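As a plain string of letters, each chain reads:
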Amino acid sequence: MSREEGAGWGLNWTVTHAYRGSPFYRRLLDEAGVDPARVHALEDLRRLPFTTKEQLRETYPLGFTAVPPERIVRVHASSGTTGRRIVATYTRRDLEDWTEMFRRCYEYAGVTPEDRVQVTPGYGLWTAGIGFQLGAERLGAMVVPTGPGNLDLQFEFLIDFRSTVFCATSSFGLLIAEEAERRGLRERLALRVGIFGSERWGEGMRGRMRELLGIDCYDIYGLTELYGPGTGIDCRHHLGIHYWDDYYVIEIVDPETGRALPEGEEGEIVVTTLRKEAMPLIRYRTRDLSRLLPGPCPCGSPHPRIARLTGRTDDMVKVRGVQVYPAQVEAVLASIPGLGTEYQIRLHREGGRDVFRLVAEAAAATWPEDLGRRLADLVRDRVGVRPEVELLPPRSLPRSERKTRRVFDERGD
Ligand SMILES: [Zn+2]
């Protein structure tokens, strides 16, 4: 069976299974006039209705679940910072599939059974900690499951167990890297690989962590609704993220109109699972922004690639009518020598006008007088709106052990 045929078969299975097992999906597909028996090739995807995070919340907790509750062996949930929690359910085979995908991620990052993998993402309802652990155990590496926080404990295990791989949010990765430097511990660490996920991070951050820790950094992709982290990762060439197209399909659509976009054009990632039992996804809108990359990767992988995420449809802010994405600001920071990677976008209104303040860190305790002006100019050129820049000494802005908040919009409605 070719990859294409395999995906067509998986699509037919998914739509039929969702229709039979979930009243929510049955109603959705009936309303869209879709007969599951007639969905059997990838081009049929475009006739299917989208599903959204709102629908997942509205049908909380088990609306998307398509198996009887007794077949569910695990639930996870996202932190639910906005609105109701997002719940994910798993059968035994779903966990098996997730573990296998995660093992593949480690392989792409060059991790071997000889490695010692320190897992710092949280355990419990969150998908990350346990996902990182299962994949590393499947690979045969030694897992050091320290969980989040507690810098002293992290360094104790990094040094005593000679961990070679560090798994974390990029925020925590940066915190560890800066602390290692501050405490003068770098020479005592055996780290060689960092695997970072659960928030978007850029090339500036990659360079900074490589410089401070001497590690090769990988960007792992995932979302709670789609198993969790581990559904894609970049390879040693770092030319975009390979995703596991034998488990799910990616389409890129225009976030405004929903129209499917051709290769190379940036839009919203939409995922459809091919063999997920407990909670199949049909054209699920992730709100993540990326694009499909054309052609093969030099690594020779058969798995296609998307570009690293450029943002989320909901992290864009409009300033004086201009769309501003945090990723654009990060790219500008990374392109000017002498600047750090941390920043805050602060917005408020003054006399009916938007004020855009960009607070950034210099890379050293002193900096050239014109550094702030150069940053403001380049943001104006690349993003389209000029910020008021405030520069601070290194490590002035707050660091987080999970996800760092960088946009503060205080403009009211
Ligand atoms: Zn590759």
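Definitions and cut-offs
- Residues numbered from 1 in each chain as written.
- Predicted model: local features only at pLDDT ≥ 70, side-chain atom pairs only at ≥ 80, totals over all residues.
- Heavy atoms only, no water.
- Donors = N, O, S within 2.8 Å, 3.2 Å for Na, K, Ca; no water.
- Tetrahedral: all angles 85-135°; square planar, octahedral: opposite > 155°, others 65-115°.
- Helix = DSSP H or I, 4+ residues; strand = E, 2+ residues; numbered from the N terminus.
- Buried < 20%, exposed > 50% of the residue type's maximum accessible area, 1.4 Å probe, protein only.
- Pairing = 2+ DSSP bridges.
- Axes fitted to C-alpha atoms, helices over the stretch in contact; angles between N-to-C directions.
- Contact = heavy atoms within 4.5 Å.
- Core = buried A, V, L, I, M, F, W, Y, C linked by side-chain atoms within 4.5 Å.
- Domains from an automatic or database assignment.
- Buried area = accessible area lost by both parts, 1.4 Å probe.
- Salt bridge = Lys/Arg side-chain N within 4 Å of Asp/Glu carboxyl O.
- Polar contact = N/O pair within 3.5 Å; in protein donor to acceptor, adjacent residues only side chain to side chain.
- Nonpolar A, V, L, I, M, F, W, Y, C, P; charged D, E, K, R; others polar.
- Expected span 1.5 Å × (residues − 1).

Caption draft 1: Here's a closer look at the coordination of the zinc ion. Only Cys235 (SG), His242 (NE2), Cys297 (SG) and Cys299 (SG) from the protein coordinate the zinc ion, and they sit 2.1 to 2.3 Å from it. Of note is the zinc ion, whose four donor atoms meet at the metal with angles of 102 to 114° in an arrangement that counts as tetrahedral. In the primary structure, the donors to the zinc ion are separated according to the pattern C-x6-H-x54-C-x1-C. Of this pair, cysteine 235 sits in the loop between β8 (228-234) and β9 (241-243) while cysteine 297 sits in the loop between β13 (292-293) and β14 (305-306), and the two are 62 residues apart along the sequence. A residue is classified by how much of its surface remains accessible, and cysteine 235, at 2% relative accessible area, is buried. Judged by relative accessible area, cysteine 297 falls into the buried class, the value being 6%.

Caption draft 2: Highlighting the sheet that holds strand β21 (residues 407-409). Here four strands make up an open sheet; going across it, the order is β20-β19-β18-β21 and the pairing mixed. At either margin of the open sheet sits one strand with a lone partner, and together these are β20 (388-392) and β21. Between one strand and the next, the sheet's axes are offset by a mean angle of 15°, whatever the strand orientation. Docked against the sheet, helix α9 (residues 326-335) engages β18 (339-350), β19 (353-362) and β21, running at close to 135° with respect to β18.

Caption draft 3: Layout of the pairing of β19. Counted residue by residue, β19 has eight buried out of ten residues, so it is predominantly covered. Looking at chain direction, β18 and β19 are connected through nine bridges and run antiparallel. Across the sheet, the residue bridging to glutamate 350 is arginine 353, located in β19. Linkage of β18 to β19, two consecutive antiparallel strands, is achieved through a turn of two residues, within which glycine 351 is found at a positive phi near 60°.

Caption draft 4: Examining the nonpolar core more closely. Counting 67 residues, the largest nonpolar core has Tyr106 and Ile195 as its most contacted members. Among the elements that make up this core, the one with the highest residue count is helix α4 (residues 92-108) (seven residues). Ignoring any residue separated from it by four or fewer positions in sequence, one finds tyrosine 106 in contact with Val111, Val117, Phe132, Gly135, Ala136, Leu139, Cys167 and Ile195. If you look at the next biggest cluster of nonpolar residues, it comprises 23 residues, including Phe172, Ala177, Leu212 and Cys217.

Caption draft 5: Here's a closer look at unusual backbone geometry. Here the bond from tyrosine 60 into proline 61 is cis, since omega is 0°, no more than 30 degrees from zero. Note on placement: proline 61 falls in the loop between α3 (53-58) and β1 (74-77). Within the chain, arginine 287 stands out as a residue other than glycine whose phi angle is a positive 70°. Relative to the helices and strands, arginine 287 resides in strand β12 (residues 284-290).

Caption draft 6: Molecular detail of the domain arrangement of the protein chain. In terms of domain boundaries, the protein chain breaks down into domain 1 (92-312) and domain 2 (317-409). A separation of 26 Å is found between the C-alpha centroids of domain 1 and domain 2. On the side of domain 2, 15 residues touch domain 1, which itself brings 22 residues to the contact. A combined buried area of about 1,600 Å² lies between domain 1 and domain 2, and 51% of that area is made up of carbon and sulfur atoms. Our enumeration of links across domain 1 and domain 2 arrives at two salt bridges. The interface formed by domain 1 and domain 2 holds three residue pairs in polar contact (both at pLDDT 80 or more) in total. When contributions to the side of domain 1 that touches domain 2 are tallied by element, the ones reaching two or more residues are α7 (170-182) and α8 (203-213). The greatest single-element share of the side of domain 1 that touches domain 2, amounting to seven residues, is contributed by α7. Here the side of domain 1 that touches domain 2 is built from residues that sort into seven nonpolar, eight polar and seven charged.

Caption draft 7: Summary view of the sheet that holds strand β7 (residues 216-223). Taken together, nine strands build an open sheet; the order of strands is β4-β3-β5-β6-β7-β8-β9-β14-β13 and the sheet is mixed. Both edges of this open sheet fall to β4 (142-144) and β13, since each of them pairs with a single strand only. As paired strands, β13 and β14 are joined by two bridges and run antiparallel to one another. Looking at the pairing, leucine 293 lines up with arginine 305 of β14. Running over the sheet, helix α6 (residues 151-160) touches β3 (116-119), β4 and β5 (165-169) and is turned about 175° from β3.

Caption draft 8: Examining α4 more closely. In a regular helix each residue adds 1.5 Å, so 17 residues correspond to 24 Å; α4 covers 25 Å between its end C-alpha atoms and thus fits that length. Most of α4 is tucked away, with twelve of its 17 residues classed as buried. A positive phi of about 75° marks glycine 110, the residue just after α4.

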